[in-house]
Amino acid sequence: MDKLMVMTAVALMAAGAMAAAHEISAWKGETVAFEFNYAPKTTVTDFRPALEGLPAGFSGKIGLARPVKFEREPNSGEFITANDRILWGAEEPYLASGKARTVAFEVKVPANARPGQYRFRAGGEPVNLRVVNRVLPEPKDWKYYLDLWQHPWAVSRWENVKPFSKEHYAAMKPHWEMLASAGQKVITATITKLPWNHQCFDGYDTMVRHIRTKDGWTFDYSVFDEYVAFCQSCGLGPDISCYTMCPWKYYVYGEDEKGNELKILAKPGSKEFEDFWKPFLIDFKKHLQEKGWFDRTAISMDERAPEDMRIISKFIKEYSGLKIATAGNFDPTKFPEIDLYSYAPVIDTVTDEFLKNNAARIADKAKVTTYYVCCCPHKPNTFMESAPAEAFWCGFYPAAKGLGGFLRWAYNSWPYDPRHDASFGNWRAGDTFLVYPDGDSSVRFLELRNGIAAAEKFRILREAGEDPAALDALAAKYDCWSARKEAADLAPLKAETLAVVNRNPGEKVK
C-alpha cells in the first residue's frame, strides 16, 4: 500500500467512514459512473480523491462534487445548494465534520475484460465492481438518439475568446467530447441569428452569413462548415439540426454588402419569408450536397404552431427536399401533411394514445421519435434540485416506451457564473445547463448518461429476445404520472433497472 493509500485510509478510518463496499456492475466496454455521499464525523484533513487498485487495462477518475448555490424557486430570493459540480482529481485541504459531500467516480471497463468480480478503492472506500459477460458498444455506435443542444457562444463568452477562433475550439473540445461520451447524435447549428429570441444569458448568433447584394442574396458557410467538421472530430453526429426557419417572433437577420445588420420580419407564407428563405434553401441544398451532408441535415424548429409548420414543411419540400425536425406538443398523426423526419414530443404528450397513434412511426427506422423535458415537468427532470435518480429515469424512459431517445434544449447554456450560482431568470436552476465551464461535469449529467447506457442495454437485450417477461415488467414501471408525484422516490426503480439490464446471459432476475 503506497503512502497516498495509507494517508487516505487512515483519514477515513478516523472519520468512521469505513462502511460496507459499494456494489456496482458494468458491461465490458462500458464507462460506468457512480456517486456516494460522504459525511465525516470528524474533520478529515488532506483528503485527496484517488482510485486505487484498478486492474490492468481499466481506467478511471474521481472527484468531489462541489456545492453550487441556486434559488429554490425562480426569483424567490431563497437560496439553497446542491453538490453537483464535479471537479475531477481536485484535492481538498479538509472536509468539515458533519458536512456531507458527494464523491463521484467513473471507471472504463475494457471491452476484453474478464467477467467477474473486481475490487478497488475510491477515495479510500471499498468498491466491488462486477463485470458482466456482455459487451456494450462504443457510444458512437449506440442506437439511442441523444439530442442535447450545444451553445458555442456561451463558451466563447466564458473564455473571453473570439467565436470560432482556435482558442474557442480548444475550449469547446472537452465539453463536446464529454457530450460524445453519452452518444450524442446531433450537431446543433444555426442558420439565422437569435433562433430563440435570446432566451439564454448568451444569445445564439448565426453560423451562416446571409448577405444581400444588388444582385440578390449570397451566403457564407465558412463558420458552418468549420463547426460541423469540428463537432464530427469530437464524435458528435451524424445528424445536423439547423435552427431555424421559424424563429420566435419571426425575425430573421442578414447583412448588407457593408456589413450592416438587416432585421426582417418573415412570417411563414409572407413575401418576406419567401424572399429570404427561397434563395437560401436552393443554395444550401447545393452546398450540402457538395459537402456530402445533405442526407444527414434537417431544418429544425422548436415548439412552433402546426399552422406555421404546414406552410414551412411545404416550402422546404418544394425548394430543397431537406429533412424536417421539430420538438412540440402535438400528435403528428393529426397533421399528416407535415412530413417530419425527427419529432420530439414533450413528455406530457407521450400518452398511451400517442404511442398507439404513432406505433408505425416509432417502428419506422427511417424516422426518429424521441421525447423531451424542459422547464416542465417539475419532476422527473434534471434541475439542480432534482434527485440524481430523476436524471437516470429521464435517460432510460424512452427505452421503456419504445421511443428512439431523448432531447433537451440546453447542454451548456450557462447563466453568468454557474459555478457559484446556477439560477437564471424564470427558469428553474439547472434547466439551462448540464455541464459546467472549464470542462467540469455534473452529477446530473453522469446519471443521465448512466440512464442512457441502461436504455441501450435494454434495447440490446430486447432485440436478442432475452427474458422478454422481465423486460416488459420493468418497462411497465416507467410511468410518467407516477414519477411526477413529489413524494415519489425513483432510486429503487433505478436500482431495479440496473439489476435487470446487468445480468449475465442465462441469469434470472432475483
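Look above for the structure.
Looking at the overall build of the chain
Broken down by element type, the chain carries 13 helices and 24 strands. By the compact-globule yardstick of 24 Å for 510 residues, the chain fits well, its C-alpha radius of gyration being 24 Å. Considered along the principal axes of its C-alpha atoms, the chain spans approximately 75 × 50 × 45 Å. A buried classification covers 56% of the 510 residues belonging to the chain. Of the contacts made within the chain by residues no fewer than 6 positions apart, 72% connect residues no fewer than 24 positions apart. Total accessible area on the chain stands at roughly 21200 Å², and carbon and sulfur atoms take up 51% of it. The average position of the 65 basic charges and that of the 67 acidic charges among the side chains of the chain differ by 3 Å.

Section: the side chain of Arg361
For Arg361, the location among the structural elements is in helix H8 (residues 359–363). For the buried Arg361, no salt bridge is present, and the opposite-charge side chain at shortest range is Asp339, 6.2 Å distant. In contact with Arg361, not counting residues within four places along its chain, are Pro332, Leu340, Tyr341, Ser342, Tyr343, Lys367, Val368 and Thr369.

Observations regarding the nonpolar core
Nonpolar side chains tend to gather and get buried jointly when the protein is soluble and globular. Phe224, Tyr227, Met245, Ile299, Tyr371, Trp393 and Phe396 are the most contacted members of the largest nonpolar core, which totals 126 residues. Top contributing element to this core by residue count: helix H9 (residues 388–401), with 9 residues. Sequence-distant contacts of Tyr371, that is, excluding residues within four places in its chain, are made with Ala344, Pro345, Ile347, Val350, Trp393, Cys394, Tyr397, Pro398, Leu403, Gly405, Phe406 and Leu407. Listed in part, the 20 residues of the second largest apolar core include Val32, Phe36, Phe120 and Val131.

Each value, and the rule that gives it
- Position numbers for residues count from 1 along each chain, tracking the sequence in the order it is written.
- Totals for whole chains, interfaces and linings use all residues, but because this is a predicted model, local features are given only for residues with pLDDT of at least 70 and pairs of side-chain atoms are given and counted only at 80 or more.
- The side-chain quantities take in all heavy atoms of the structure and omit both hydrogens and water.
- Numbered from the N terminus, helices here are DSSP runs of H or I no shorter than four residues, and strands are runs of E no shorter than two.
- Atoms counted for the radius of gyration: C-alpha only. Globule rule: 2.2 Å times residue count to the power 0.38.
- Note on exposure labels: buried denotes an accessible area under 20% of the residue type's maximum, exposed denotes more than 50%, and partly exposed covers the range between, all computed with a 1.4 Å probe on protein chains only.
- Whether two residues are in contact is decided by their heavy atoms: any pair within 4.5 Å suffices.
- Residue burial considers only the protein chains on display, and all accessible areas are found by Shrake-Rupley using a 1.4 Å probe.
- Charge counting treats Lys and Arg as positive and Asp and Glu as negative, with His and both chain ends excluded.
- The atom standing in for a charge is NZ when the residue is Lys, CZ when it is Arg, CG when it is Asp and CD when it is Glu.
- Any carboxyl oxygen of Asp or Glu that lies within 4 Å of a side-chain nitrogen of Lys or Arg is treated as forming a salt bridge with it.
- The term nonpolar core refers to a set of buried residues drawn from Ala, Val, Leu, Ile, Met, Phe, Trp, Tyr and Cys, joined through side-chain atoms within 4.5 Å.

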